[in-house]
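In case you want the letters, here they are:
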Amino acid sequence: MDVKELVNRATSEIGRATERARRVEQLVDGKIAQAGKLAALAVGHIEHATALVKSATATMNRVLPLLDGAVVERGLAMLGSAAGKLINSKVALVKEAAAKLAGAVGGLRKAFTALTGLGGKAPAPVAAALSSLGLKSKGEGAAGEAAGAAADATAATPHMLVLSAEDGSSYSFGLSNASFQGLKRQTNYTVAAQERLNRQDALQAVGKGGESLSLNGVIFTALNTGRKELDKLRAIGGATRPLLLTTGYGEVLGRWYMVSLSEEQDGLLANGAARKQTFSMEFKRYGDDYQNL
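Residues numbered from 1 in each chain as written. Predicted model: local features only at pLDDT ≥ 70, side-chain atom pairs only at ≥ 80, totals over all residues. Heavy atoms only, no water.

Counting residues in each nonpolar core, the largest one holds 37 residues, and the members touching the most others are Ile14, Ile46, Val53, Leu79, Leu86, Val94 and Leu101. Only helix 1 (3-30), helix 2 (35-59), helix 3 (69-86) and helix 4 (92-116) provide two or more residues apiece to this core. Discounting residues that sit within four places of it in the chain, Val53 has contacts with Ala10, Leu79, Leu101, Ala104, Val105 and Leu108. (Core = buried A, V, L, I, M, F, W, Y, C linked by side-chain atoms within 4.5 Å. Buried < 20%, exposed > 50% of the residue type's maximum accessible area, 1.4 Å probe, protein only. Helix = DSSP H or I, 4+ residues; strand = E, 2+ residues; numbered from the N terminus. Contact = heavy atoms within 4.5 Å.)

If you want it as structure tokens, here you go:
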């Protein structure tokens, strides 16, 4: 596997770890014995992500295509953000594993920096290429490397939302391509009702239900990167694989399926090309099994 695929697989693992860690926090607060086993599974995901990051560091070399640099940089931000949040976990094992992950992310960032900007100052051709990709070369000292990596990665990115698949494909919603105007997230809880004679229905919670996330936006083809943005999203959705969703401010939302993508075209030119594309998308929570271990 190349560096890009290793980083993408690591972000998928840390997404699973984040979900399990959230469940552990709930169980710990409720003092349920199941938390120990669930914590071990979360730690396993974190350790796997750490191993993948270390493999990516070992694989890093000076022939890494700069076009992959944007993917690596984005993956580092996602991993560092998740590690920074998991370090604050109430569970000691999760906290310790997250600290190791932050250190590994720091090592990969250092290798990436050395590749793209020697001594924190990139050579002119490299700096120009990075600038065209919207990246900045950074230098990092050895002291506080792990903490610095996690803190730096939690900063906001110029992307509104990032979709990442395990096969390395990804899409970043931003002002320069497909920007959405609104986002709606709905959480459902399954409550069954039993009708009763001359009385109100008897209700009982029977499941966690599911979650859905929908967004809508507009693409002005003359101002954006072209008319192919929705085709890129259709290709990702057509793979029918769970996608890791991460916000621009570093929140890992977990894994979701893209279940629908609709498009309306307006302002048609004489050849039928649209000046404006209005789109809406819906995602549903993948539903990793954190209950029946």
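After that view, the rundown keeps rolling.
The next subject is unusual backbone geometry. Here Asn198, not a glycine, exhibits a phi torsion of approximately 60 degrees, which is positive. Judged by relative accessible area, which is 76%, Asn198 ranks as exposed. For Thr240, which is not glycine, the phi torsion reads 50 degrees and is therefore positive. Tracing the backbone through its elements, the reader meets Thr240 in the loop between helix 7 (229-238) and strand 7 (243-247).

Before going further, it helps to spend a moment on the confidence of the model for the chain. Chain-level pLDDT for the chain is 74 on average; 73% of the residues reach the 70-or-more range. Averaged pLDDT values for the elements of the chain fall to 41 in helix 5 (residues 124-132) and rise to 92 in strand 4 (residues 190-196). (pLDDT = per-residue confidence, 0-100.)

Evaluation of the coordinates by the stated rule reveals three aromatic pairs. Summarising the aromatic geometry, the rings of Tyr171 and Phe173 are spaced 5.2 Å apart at their centres and angled 75 degrees between planes, so their arrangement reads as edge-to-face. Each member of the pair, Tyr171 together with Phe173, is buried. Aromatic pair Phe173 and Phe180: ring centres 5.6 Å apart, planes at 75 degrees, arrangement edge-to-face. Using a relative accessible area of 0% as the deciding quantity, one classes Phe173 as buried. Classification of Phe180 as buried rests on a relative accessible area of 11%. Within the aromatic cluster, the residues linked to one another by ring pairs are Tyr171, Phe173 and Phe180. (Phe/Tyr/Trp six-rings, centres within 6.5 Å; stacked < 30°, edge-to-face > 60°.)

Attention shifts here to the sheet that holds strand 9 (residues 274-285). With antiparallel pairing, seven strands are arranged side by side in an open sheet as 2-1-7-8-9-6-3. The open sheet has two edge strands with one neighbour each: strand 2 (170-173) and strand 3 (179-187). Pairwise comparison of adjacent strand axes, ignoring direction, gives a mean angle of 25 degrees for this sheet. As judged from the four bridges shared by strand 1 (residues 161-164) and strand 2, these two strands associate in the antiparallel manner. Paired with Ser164 across the strands is Ser170, a residue of strand 2. Strands strand 1, strand 2, strand 6 (211-220), strand 7, strand 8 (252-268) and strand 9 of the sheet are contacted by helix 7, whose axis makes an angle of about 145 degrees with strand 8. (Pairing = 2+ DSSP bridges. Axes fitted to C-alpha atoms, helices over the stretch in contact; angles between N-to-C directions.)

Taken together, the buried positions of helix 7 are occupied by Glu229, Leu230, Leu233, Ile236 and Gly237. Taken down its axis, helix 7 places every buried residue within 115 degrees of arc, on the same side. Turned more than 90 degrees off the buried face of helix 7, the exposed positions are Ala235 and Gly238. Looking at the packing, one finds that the buried side of helix 7 touches strand 1, strand 2, strand 6, strand 7, strand 8 and strand 9. Looking one or two residues beyond helix 7, the residue adopting positive phi is Thr240, at roughly 50 degrees. (Arc of directions from axis to C-beta.)

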